[in-house]
Amino acid sequence: MENKKHFRIAVIPGDGIGQEVVNEGLRVVEHLAATSNKFSFESDYFPWGCQYYLEHGRMMAENGLEEIKNHDAIYFGAVGYPTVPDHISLWGLRIAICQGFDQWANIRPVEFLPGIQSKLNHPNKEDLNWILVRENTEGEYSGIGGRNFTGRGNRKEVAVQSSIFTEEGCERVIRHAFQLALKRKRKKVTSVTKSNAQQYGMVLWDEVFERVSKEYPEVETDQWLVDAMAAQFVLHPEELEVVVASNLLADILSDLGSALAGSLGIASSANLNPEGRFPSMFESVHGSAPDIAGKGIANPIGTIGSAALMLDHLGLADEAKMINEAIRTTTEDGVVTADIGGKNTTKEVTDSIISHLSRMYTKV
């Protein structure tokens, strides 16, 4: 096929179950590549993570960003291990990539899949789906601050952690949320802050949101404080469509949304550099879960859904839709892992998804 696309994917399995679920996601992508004949890809593996840290004193190679900056995308597993402090593992790998490649938009869909017993009592749960748009490079995770005054004596140390909100950073992620809303059936964007208490950075966010919203008169808008929005997630989720928030607030709310839908194991995400100056990174929302690593029971759906986001980003929208439909059919059939009430293994869930993909091509 003359227009067949070829992609180079940087694969970072990371720690714990990340290594298992990433391989399952790649199995799905390999099947699609072989079946569709529309694209091909090659995977370059990078053994970065906590084990790498224990051996080398750093979470990734010193020139790690340089090694992966020319790939078309990054497929990421999970990070974290009990013997490595979480702030070291997170800042040394995931945030280092997000900030180093200016992946400023983190997209986290929340979807209530059929056949999964969710934690939400709602009459139309399977009709619920919304998108969290998370500012991903500044805000509360800017990494500005320090610890001082240890010389004063016991228990007199002071820690300062500053949040950085720039007008440029607020505007680009808010505008991205409006652009996403234009593609959805209901065109609505909800902004979430805590500007009554955070009177500088988040008031700036509110002002930018109000200014940008005037450029999109066809898009419905509302603004909430984060504590009230947490209640809205539970009480009136049907009012949610595209929700945009700062780094910390959207991180928390996206976990809440995934938990309401049944499990963090089904949640996918994309860390985007929308301008394409650097590769974007795709990962499930769940952690490394070292307590179940190696048992073959990790939920691969979030990581496979992240592969769908990756293919969509690479211009393979039809293939991405097929993956998502195969996931929905699999859960509707009751082929799920223990975290969402099932008895199937990681491999069995992936096998079912691949089987449904094969049937889709047979029908075509």
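Look a little higher up for the structure.
Quick summary incoming for the structure in this document. (Residues numbered from 1 in each chain as written. Predicted model: local features only at pLDDT ≥ 70, side-chain atom pairs only at ≥ 80, totals over all residues. Heavy atoms only, no water.)

Things to note about the packing of helix 1 (residues 18-36) against helix 9 (residues 301-313)
Between helix 1 and helix 9, whose axes approach to 8 Å, the crossing angle comes to 45°. Considered as vectors, helix 1 and helix 9 are oriented oblique to each other. Classified by chirality, the crossing of helix 9 by helix 1 is right-handed. For the pair helix 1 and helix 9, contact is made by V21, V22, E24, G25, V28, V29 and L32 and by T303, I304, A307 and L311, respectively. Partitioning the contact of helix 1 with helix 9 into residue classes produces eight nonpolar, two polar and one charged. (Axes fitted to C-alpha atoms, helices over the stretch in contact; angles between N-to-C directions. Helix = DSSP H or I, 4+ residues; strand = E, 2+ residues; numbered from the N terminus. Parallel < 35°, antiparallel > 145°, perpendicular 65-115°, else oblique. Left-handed = near helix turned anticlockwise from the far one by under 90°. Contact = heavy atoms within 4.5 Å. Nonpolar A, V, L, I, M, F, W, Y, C, P; charged D, E, K, R; others polar.)

Quick look at the sheet that holds strand 10 (residues 242-245)
Read across the sheet, ten strands follow the order 2-1-3-12-11-4-5-10-8-9 without closing on themselves; strand pairing throughout is mixed. This sheet does not close on itself; its edge strands, each paired only once, are strand 2 (39-45) and strand 9 (220-225). The mean inter-strand angle of the sheet, taken between neighbouring strand axes irrespective of direction, is 25°. Bridge count between strand 8 (residues 188-193) and strand 10: four bridges; the pairing is parallel. Looking at the pairing, S191 lines up with V244 of strand 10. Against the sheet, helix 4 (residues 86-100) touches strand 1 (5-14), strand 3 (73-78), strand 4 (105-111), strand 5 (129-135), strand 11 (268-272) and strand 12 (280-284), its axis set at about 145° to strand 12. Together, strand 1, strand 2, strand 3, strand 4, strand 11 and strand 12 form the strand contacts of helix 9, whose direction differs from that of strand 12 by roughly 160°. (Pairing = 2+ DSSP bridges.)

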